[in-house]
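Residues per chain are reported as follows:
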Amino acid sequence: MPAKKWSRRVTEHSNALDLEKGLFSKDRPAAIARSLKRSAEHSHRRKGTPFQSAMSMLTFYINRAGKGLSARDRRKLEAAKDELRKEFGRTS
């Protein structure tokens with residue numbers, strides 16, 4: 001695999017979380033957040049807290065997609081960040 005595809009490998013074979021297939025293409029931000037929370041809480045390989053791991057993976061995906069992410073999908077994933085904060089009882 002070419003060197004420029006490293007981020008794809010991270011997403012697919014993350015050493016921190018086992019992600020549900022098709023996670024980031026789900027339609028509802030709450031569903032994305034619940035799945036990320038479930039993955040983070042069940043992972044024994046993460047280095048930070050479950051919240052940190054889940055938020056980091058979501059942010060990583062948004063950044064990896066970059067300009068290729070549609071405005072609709074970017075809004076959906078940014079809303080998933082808010083939902084993730086709610087799932088973990090974080091207000092900010």
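Residues numbered from 1 in each chain as written. Predicted model: local features only at pLDDT ≥ 70, side-chain atom pairs only at ≥ 80, totals over all residues. Heavy atoms only, no water.

Participant: Before we go on, may I ask you to explain the nonpolar core in this structure?
Facilitator: A general tendency of soluble globular proteins is for nonpolar side chains to be buried together. One finds Phe24, Leu36, Leu58, Leu77 and Leu84 to be the most contacted residues of the largest nonpolar core, which totals 20 residues. When residues of this core are traced back to their parent elements, those giving at least two are helix 2 (29–42), helix 3 (50–65) and helix 4 (71–87). It is helix 3 that contributes the most residues to this core, 8 residues altogether. (Core = buried A, V, L, I, M, F, W, Y, C linked by side-chain atoms within 4.5 Å. Buried < 20%, exposed > 50% of the residue type's maximum accessible area, 1.4 Å probe, protein only. Helix = DSSP H or I, 4+ residues; strand = E, 2+ residues; numbered from the N terminus.)

Participant: Explanation requested: the confidence of the model for the protein chain in the structure shown.
Facilitator: Reading predicted coordinates in detail is not appropriate for stretches of low pLDDT. When the pLDDT values of the protein chain are averaged, the result is 85; 82% of them are 70 or greater. Element-level pLDDT for the protein chain is lowest in helix 1 (residues 6–12), with a mean of 60, against a maximum mean of 95 in helix 4. (pLDDT = per-residue confidence, 0-100.)

Participant: Quick question: what am I supposed to make of the packing of helix 3 against helix 4 here?
Facilitator: Helix-helix packing: each pair is described by the crossing angle between the helix axes and the interaxial distance. Two elements in contact, helix 3 and helix 4, have axes whose closest approach is 11 Å; the angle formed by their N-to-C orientations is 175 degrees. Classed by the angle they form, the pair helix 3 and helix 4 counts as roughly antiparallel. Counted together, Phe51, Ala54, Met55, Leu58, Thr59, Tyr61 and Ile62 of helix 3 and Arg74, Leu77, Glu78, Ala80, Lys81, Leu84 and Arg85 of helix 4 form the full contact between these two elements. (Axes fitted to C-alpha atoms, helices over the stretch in contact; angles between N-to-C directions. Parallel < 35°, antiparallel > 145°, perpendicular 65-115°, else oblique. Contact = heavy atoms within 4.5 Å.)

Participant: Please explain the packing of helix 2 against helix 4 as it appears in this structure.
Facilitator: Two elements in contact, helix 2 and helix 4, have axes separated by 8 Å at closest approach and are oriented at 55 degrees. The angle between helix 2 and helix 4 falls in the class oblique. For the crossing formed where helix 2 meets helix 4, the hand is right-handed. Taken together, the residues of helix 4 that come into contact with helix 2 (itself represented by Pro29, Ala30, Ile32, Ala33, Arg34, Leu36 and Lys37) are Lys76, Leu77, Ala79, Ala80, Glu83, Leu84 and Glu87. Class assignment of the residues belonging to the contact of helix 2 with helix 4 gives a composition of 9 nonpolar, no polar and 5 charged. (Left-handed = near helix turned anticlockwise from the far one by under 90°. Nonpolar A, V, L, I, M, F, W, Y, C, P; charged D, E, K, R; others polar.)

Participant: Would you explain the side chain of Lys76 in this entry?
Facilitator: Relative to the helices and strands, Lys76 is located in helix 4. Residues in contact with Lys76, not counting those within four places in the same chain, are Phe24, Ser25, Lys26, Asp27, Pro29 and Ile32.

Participant: Is there a simple way to explain helix 4 in this structure?
Facilitator: At 3.6 residues per turn, the α-helix brings residues three or four places apart onto the same side. Between its first and last C-alpha atoms helix 4 spans 24 Å; for 17 residues at 1.5 Å apiece the expected length is 24 Å, and the two agree. Among all positions of helix 4, only Lys76, Leu77, Ala80, Lys81 and Leu84 are buried. Along helix 4, the residues classed as buried sweep out an arc of 155 degrees about the axis, all on the same side. Exposed side of helix 4, more than 90 degrees from the buried face: Arg72, Arg75 and Lys86 are the residues found there. As for helix 4, its buried residues are in contact with helix 2 and helix 3. Gly89 sits one or two residues past helix 4 and shows a positive phi near 70 degrees. (Expected span 1.5 Å × (residues − 1). Arc of directions from axis to C-beta.)

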